[in-house]
Amino acid sequence: ISLNKVGGLLMAEGDLNGARERFEQGLVIARRLATANPSSAEAQRDVSYSLNKLGNALFVGGNLQGARLLLTESSTILQRLAQDNPGSATTLQDAGFSYNSLGEVLLKAGDLAGARERYEQSLAIAKRLAAADPSNARAQHDVSVGLTRLGDVQEAAGDINGARVSFEQSLN
């Protein structure tokens, strides 16, 4: 985790190569720990977190294919963890975040159908969490973000009316 923290600081400073190296090192360690503890949900989550960090760094650096591969793997891990523990709000939030990250890459790559699917998955999770805890501001915010991102992909696809509805719903 510390390598990922250092990588995040390096990204914030604009050192994308240094950040990527730290994220790669963190991923190697996380994979090794997950292999040694295959039944550990925490170790699997750490792999997903590292994949997400590295995938986002690749995205920022313009490597959409590499980002897509890593973020898809991260989403797959989180989807499995969420299925194994459907009552875990944290795991569901992580899965929603991962779907959003992947959707962003797919949108940038021009895969509007794939982006829409990921944004809809994320939005479904956000709505589920918001309904379960209406006083949770983060969950309500995640619904708004999900609707905005869905609107973005609708707009990119030329569905202006659909985008308007999604954007207006995001304000509620």
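Above this note sits the structure.
The structure contained in this document is the topic of the report that follows. Note that the structure is a prediction, hence the values are computed from the model and not measured. (Residues numbered from 1 in each chain as written. Predicted model: local features only at pLDDT ≥ 70, side-chain atom pairs only at ≥ 80, totals over all residues. Heavy atoms only, no water.)

1. Describing the environment of Leu16
Reasoning step 1: Considering the arrangement of structural elements, one finds Leu16 in helix α2 (residues 16–36).
Reasoning step 2: Leu16 sits 42 residues away from Leu58 along the chain, and the two C-alpha atoms are 8.7 Å apart.
Reasoning step 3: Excluding residues within four positions of it along the chain, Leu16 makes contact with Met11, Ala57, Val60 and Gly61. (Helix = DSSP H or I, 4+ residues; strand = E, 2+ residues; numbered from the N terminus. Contact = heavy atoms within 4.5 Å.)

2. Re helix α1 (residues 2–12)
Reasoning step 1: Burial in α1 covers these residues: Asn4, Gly7 and Leu10. With its buried residues spanning 115° around the axis, α1 presents them on a single face. Away from its buried face, by an angle of more than 90 degrees, α1 presents the exposed residues Ser2, Lys5, Leu9 and Ala12.
Reasoning step 2: Taken together, the buried residues of α1 touch α2 and α3 (41–60).
Reasoning step 3: One or two positions beyond α1, positive phi appears at Gly14, with a value near 90°. (Buried < 20%, exposed > 50% of the residue type's maximum accessible area, 1.4 Å probe, protein only. Arc of directions from axis to C-beta.)

3. Notes on the nonpolar core
Reasoning step 1: Core analysis: the biggest nonpolar cluster contains 38 residues, and Val47, Leu51, Leu54, Ile125 and Val143 have the highest contact counts within it.
Reasoning step 2: Within the residue set of this core, elements represented by two or more residues are α2, α3, α4 (64–84), α5 (89–108), α6 (112–132) and α7 (137–156). (Core = buried A, V, L, I, M, F, W, Y, C linked by side-chain atoms within 4.5 Å.)

4. Notes on the pattern of salt bridges
Reasoning step 1: This structure, assessed with the given rule, holds eight salt bridges.
Reasoning step 2: Residues Arg20 and Glu24 are paired through a salt bridge, measuring 3.6 Å at the closest nitrogen-oxygen approach. Remark: Glu24 and Arg20 occur in helix α2; sequence separation between them is four residues, near one turn of the helix.
Reasoning step 3: Residue class for Glu24 comes out partly exposed when judged on its relative accessible area of 35%.
Reasoning step 4: Across the pair Arg31 and Glu73 runs a salt bridge, and its minimum N-O distance is 2.8 Å. Here Arg31 is found in helix α2, whereas its partner Glu73 is found in helix α4, with 42 residues between them in sequence. (Salt bridge = Lys/Arg side-chain N within 4 Å of Asp/Glu carboxyl O.)

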